[in-house]
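Fold and contact review
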Amino acid sequence: MTRIVAFNGSPKGSKSRTQILVEAFLEGARSAGADTETVFLAEKSILPCEECMGCRLPAGRGKCARKDDGHDLLEKALDADYVLLATPLIMDSMSALTKTFLERWFPLVDPRFQARHGQGTFAARTVRVPDWIILSTCSFPEQFHFQAMSTIFHDLSRTFGNRVAAEIYRGEADLFGRLGKMSHPEAIEPYMDLLRSAGREIVRNGSLCTDTAEALDRPLIPFDRYVEEGNAAWDRILEGTCRIDEHP
Ligand SMILES: Cc1cc2nc3c(=O)[nH]c(=O)nc-3n(C[C@H](O)[C@H](O)[C@H](O)COP(=O)(O)O)c2cc1C
């Protein structure tokens, strides 16, 4: 049975709106027979790597010396067939929680440099690392805001020797509302169906069909409308005629 473990790195934990998308994806995966689990990194204690190098010496046996949840979470990740990294786009990059979690994957790579095909140096791998599914949301409407983060995940996957099996990026995430209140259900509901299809396709094919990937990337509503409605909502909030939890 395919096992997918999602690590949600939103500081909001289970109130993360990225999680709305994760749930639909995992629902699709389960309908194709997968076993799924979600870990909210905000509920865990994960300290940054101090580069003590202990994990790289025989005495450290590949284990991080820090006393927190980092080691157990890495073990949980390694037991999965796919690791779904769910993160809000924060300052054009992955969330600090997601980044700190990935720092703790440092024990998986050998300290020796390895030249590959004359294209640069990468650390050598010591274990099989599950393929990644990346799922991220951001407030800005355009999809290009995810480009820098996508490059980072692809660079990291060359180091870890795993595959980025799927990337699902969703601008216009304000449409998913705050506190679960959504606007434009005519656009959101078909999108949620696409996410369910994506979850099924990963389990069945190990990747997304081109049509699904392309459809997931399309705007939910036109750019001008998103900007106009979002700004109008903020005008009302700032005037005090609308509460923040009623936005959008
Ligand atoms: C500190 C901070 C920085 C953010 N930076 C960006 C950004 O660079 N680009 C963007 O489009 N949205 C940005 N956002 C908005 C979030 O990406 C967006 O609200 C996301 O859907 C939140 O997902 P979550 O509820 O799962 O945490 C930022 C939000 C916060 C709190």
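Scope of this entry: the structure provided in the associated data block. (Residues numbered from 1 in each chain as written. Predicted model: local features only at pLDDT ≥ 70, side-chain atom pairs only at ≥ 80, totals over all residues.)

1. Structural notes on the overall build of the chain
Each helix and strand counted, the chain has seven helices and seven strands in total. Here the chain has a C-alpha radius of gyration of 19 Å; the compact-globule value for 248 residues is 18 Å, and the two agree. Seen through its C-alpha atoms, the chain measures out along the principal axes to roughly 65 × 40 × 35 Å. Counting across all 248 residues of the chain, residues that qualify as buried make up 35%. Counting only contacts in the chain whose residues sit at least 6 apart along the sequence, the fraction spanning at least 24 positions is 72%. (Helix = DSSP H or I, 4+ residues; strand = E, 2+ residues; numbered from the N terminus. Rg over C-alpha atoms; globule rule 2.2 N^0.38 Å. Buried ≥ 20, exposed ≤ 12 C-beta atoms within 10 Å, placed from the backbone. Contact = placed C-beta atoms within 7 Å.)

2. Quick look at the nonpolar core
Residues F25, L84, I133, L135, A198 and I202 are the most contacted members of the largest nonpolar core, which totals 54 residues. For this core, the element with the highest residue contribution is helix α1 (residues 18-31), accounting for six residues. What L84 contacts, discounting residues up to four positions off in sequence, is I4, A6, V22, I133 and L135. (Core = buried A, V, L, I, M, F, W, Y, C linked by C-beta atoms within 7 Å.)

3. Points about helix α2 (residues 70-78)
For α2, the set of buried residues is G70, L73, L74 and A77. Buried residues along α2 cover an arc of 100° about the axis, so they all sit on one side. Turned more than 90 degrees off the buried face of α2, the exposed positions are D72 and E75. Turning to α2, the residues buried within the fold contact β1 (3-8), β2 (35-40), β3 (82-88) and α3 (96-103). (Arc of directions from axis to C-beta.)

4. Observations regarding the sheet that holds β1
With parallel pairing, five strands are arranged side by side in an open sheet as β2-β1-β3-β6-β7. Only two strands of the sheet have a single partner each, and these edge strands are β2 and β7 (164-170). On average, each strand axis in the sheet is inclined to that of its neighbour by 15°, with strand direction left out of account. The pairing of β3 with strand β6 (residues 131-137) spans seven bridges and is classified as parallel. Bridged to V83 within β6 is W132. (Pairing = 2+ DSSP bridges. Axes fitted to C-alpha atoms, helices over the stretch in contact; angles between N-to-C directions.)

5. Examining α3
Within α3, burial applies to L97, T98, F101 and L102. When α3 is viewed along its axis, its buried side chains cluster within an angular range of 135° and face the same direction. Against the buried residues of α3 lie β1, α2, β3 and α4 (147-160).

6. Looking at the pairing of β6
In terms of burial, β6 is a largely internal element, six of the seven residues being buried. Note: β6 against β7, six bridges, orientation parallel. Bridge pairing links S136 to Y169 in β7. This β-α-β element, β6 to α4 to β7, shows right-handed connectivity. (Right-handed = clockwise from strand over helix to strand, strands pointing away.)

7. Digging into the packing of helix α5 (residues 185-205) against helix α6 (residues 210-217)
One can describe the packing of α5 onto α6 by two numbers: an axis separation of 10 Å at closest approach and a directional angle of 145°. Between α5 and α6 lies a crossing whose hand is left-handed. For the pair α5 and α6, contact is made by L194, S197, A198 and E201 and by T212, A215 and L216, respectively. Split into classes, the residues belonging to the contact of α5 with α6 amount to four nonpolar, two polar and one charged. (Left-handed = near helix turned anticlockwise from the far one by under 90°. Nonpolar A, V, L, I, M, F, W, Y, C, P; charged D, E, K, R; others polar.)

Don't take any of this as a statement about function, it's just geometry.
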